[in-house]
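These are the residues of each chain, in order.
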Amino acid sequence: GALDYYKKSFLYKFLNKLVLRFADVNLFISNDQMISISSHLYVNNPNLLYSSLESDKVFNDNFLIDKKLNCKKDEVYRFCSVSWLKKDQLLRKNIFKVLEALKLFKNEFDGDWEYVIAGKKGDAYEDIISFIDKSGLENNIKIILDISAENKNILFYKSDLLIMPSWFEGFGNSVLEAMSFGTPALVSRFGASPEVVHDSGIIINQISPEIIKAKLIDFVNLPFEKRFFFYEKSYLRATKIFSFESRKKSLLKILSTK
């Protein structure tokens, strides 16, 4: 849904080709991105340098224990998505398919649940509000506009699952951010998201409301200890494999072997 390379101006494409060809080192933030670009354009010296957390957050040793206690006592299942509320962004991230899935989910699941969409207001805002009202989901879905970094972190911490089944992500920073707060993600097999999530979350092979709904039903029906296993695995994967320190070491290795 988003504007891609081939739809850009001649100057944009020319300058990109120029720097890819003549740069000493080309850095790509995911393997999917590196393969996608280097298989279509000439790249002088491609190297994988995974994106990372902005800094290595220092949680106390009880972080996972606190997360477990909070989730266990909370009887409401909390889902979230993060996206700029523009039509092209919502198309790429399949937010309307998520809303369709939640409409089906509500008819099948009797428990309490909440879904939060957080992001900057855009040209799709009114469409989302209209869909929610027509679907009778106004008591379950909340939109937070222009969310602050602090409140976004709180949202991630309190959520049980991030839902981001995008057609494409160059890396998936919001997925990694959520994982760093012990919140697993439901993503699609497309783009770089599977590289980030691996076996710590849910990866769907086809993007449809029915499949998303089925995965949500499976998730909420898991015994708590099995569900918490996803929380723990997501947190450990984010803070160890995609740490800021790990990225610095990888960059140093690439530059020293130039």
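Scroll up a little and you will see the structure.
Quick caveat: nothing in here was measured; it's all calculated off a predicted structure. (Residues numbered from 1 in each chain as written. Predicted model: local features only at pLDDT ≥ 70, side-chain atom pairs only at ≥ 80, totals over all residues. Heavy atoms only, no water.)

Asker: Let's hear about the overall build of the protein: which residues, and what values?
Answerer: Summing up its helical and strand segments, the protein has 12 helices and 8 strands in all. The C-alpha radius of gyration computed for the protein amounts to 19 Å, which stays within 12% of the reference 18 Å derived for 258 residues, consistent with globular compactness. Reported as C-alpha extents along the three principal axes, the dimensions of the protein are approximately 60 × 45 × 30 Å. A buried classification covers 44% of the 258 residues belonging to the protein. Long-range pairs, those at least 24 residues apart, make up 67% of the contacts in the protein with a sequence separation of at least 6. About 13800 Å² of surface is accessible on the protein, with carbon and sulfur atoms providing 53% of the total. Both charge centroids of the protein, one from 37 positive and one from 32 negative side chains, sit 6 Å from each other. (Helix = DSSP H or I, 4+ residues; strand = E, 2+ residues; numbered from the N terminus. Rg over C-alpha atoms; globule rule 2.2 N^0.38 Å. Buried < 20%, exposed > 50% of the residue type's maximum accessible area, 1.4 Å probe, protein only. Contact = heavy atoms within 4.5 Å. Areas by Shrake-Rupley, 256 points an atom, 1.4 Å probe, with all protein chains shown as cover. Lys, Arg positive; Asp, Glu negative; His and termini not counted. Charge placed at Lys NZ, Arg CZ, Asp CG, Glu CD.)

Asker: Describe the sheet that holds strand 4 (residues 113–119), and please don't skip the residues or the numbers.
Answerer: One open sheet accounts for 6 strands, arranged 5-4-3-6-7-8; its pairing is parallel. On the outer flanks of this sheet lie strand 5 (141–145) and strand 8 (202–204), each paired with one strand and no other. Taken over all neighbouring pairs, the strand axes of this sheet differ in orientation by 25° on average, direction set aside. Alignment of strand 7 (residues 185–188) against strand 8, held across 3 bridges, turns out to be parallel. Bridged to Leu 186 within strand 8 is Ile 202. Together, strand 3 (77–82), strand 4, strand 5 and strand 6 (161–164) form the strand contacts of helix 5 (residues 95–108), whose direction differs from that of strand 4 by roughly 170°. Where helix 10 (residues 209–220) meets the sheet, its contacts fall on strand 3, strand 6, strand 7 and strand 8, and the angle it forms with strand 8 comes to roughly 160°. (Pairing = 2+ DSSP bridges. Axes fitted to C-alpha atoms, helices over the stretch in contact; angles between N-to-C directions.)

Asker: So, the side chain of Ser 243: which residues are in play, and what are the values?
Answerer: Along the polypeptide, Ser 243 turns up in the loop between helix 11 (224–241) and helix 12 (244–256). You can call Ser 243 buried: its relative accessible area is 8%.

Asker: Please give an account of the environment of Gly 201 that cites residues and values.
Answerer: With respect to the helices and strands, Gly 201 occurs in the loop between helix 9 (193–197) and strand 8. Judged by relative accessible area, Gly 201 falls into the buried class, the value being 15%. Non-local contacts of Gly 201, meaning those with residues more than four positions away in its chain, are made with Pro 184, Ala 185 and Phe 230.

Asker: Tell me about the pairing of strand 3, and please be specific about residues and values.
Answerer: Consecutive side chains of a regular strand alternate in pointing toward one face of the sheet and then the other. Counting buried positions along strand 3 gives 5 out of 6 residues, so the element sits mostly inside the fold. Of the strand pairs in this sheet, strand 3 and strand 4 are connected by 6 bridges, and their pairing is parallel. Across the sheet, the residue bridging to Phe 79 is Tyr 115, located in strand 4.

Asker: Tell me what's going on with the environment of Leu 48, and back it up with residues and numbers.
Answerer: Structurally, the position occupied by Leu 48 is in strand 2 (residues 46–48). Separated by 190 residues in the primary sequence, Leu 48 and Ala 238 have C-alpha atoms spaced 17 Å apart. Once residues within four sequence positions are removed from consideration, Leu 48 is found in contact with Phe 28, Ile 29, Ser 30, Asn 31, Met 34 and Ile 254.

Asker: Outline the packing of helix 5 against helix 6 (residues 125–134), supporting the account with residue identities and numerical values.
Answerer: Orientation of helix 5 relative to helix 6, taken along the N-to-C sense of each, is 10°, at an axis distance of 11 Å. On the basis of the axis angle, helix 5 is roughly parallel to helix 6. Residues Phe 96, Leu 99 and Glu 100 of helix 5 pack against Asp 127, Ile 128 and Phe 131 of helix 6. Here the residues of the contact of helix 5 with helix 6 sort into 4 nonpolar, no polar and 2 charged. (Parallel < 35°, antiparallel > 145°, perpendicular 65-115°, else oblique. Nonpolar A, V, L, I, M, F, W, Y, C, P; charged D, E, K, R; others polar.)

Asker: So what's going on with the packing of helix 5 against helix 10? Which residues, and what values?
Answerer: Closest axis-to-axis distance for the helix 5/helix 10 pair is 8 Å, and the angle between their directions is 50°. As far as their axial angle goes, helix 10 and helix 5 are oblique. In the packing of helix 5 onto helix 10, the handedness of the crossing is right-handed. Where helix 5 abuts helix 10, its residues Lys 97, Val 98, Glu 100, Ala 101, Leu 102, Leu 104, Phe 105 and Glu 108 lie against Pro 209, Glu 210, Ile 212, Lys 213, Leu 216, Ile 217 and Val 220. Taken together, the residues of the contact of helix 5 with helix 10 sort by class into 10 nonpolar, no polar and 5 charged. (Left-handed = near helix turned anticlockwise from the far one by under 90°.)

Asker: Pulling in residues and values, what's your account of a nonpolar patch on the surface?
Answerer: A cluster of nonpolar residues, Phe 10, Leu 11, Phe 14, Leu 15, Leu 18, Val 19 and Phe 22, forms a patch on the protein surface that exposes about 760 Å² of accessible area. The partly exposed category is assigned to Leu 18, whose relative accessible area is 36%. (Patch = residues over 30% accessible without salt bridge, like charges linked within 9 Å, V, L, I, M, F, W, Y side chains within 5 Å. Salt bridge = Lys/Arg side-chain N within 4 Å of Asp/Glu carboxyl O.)

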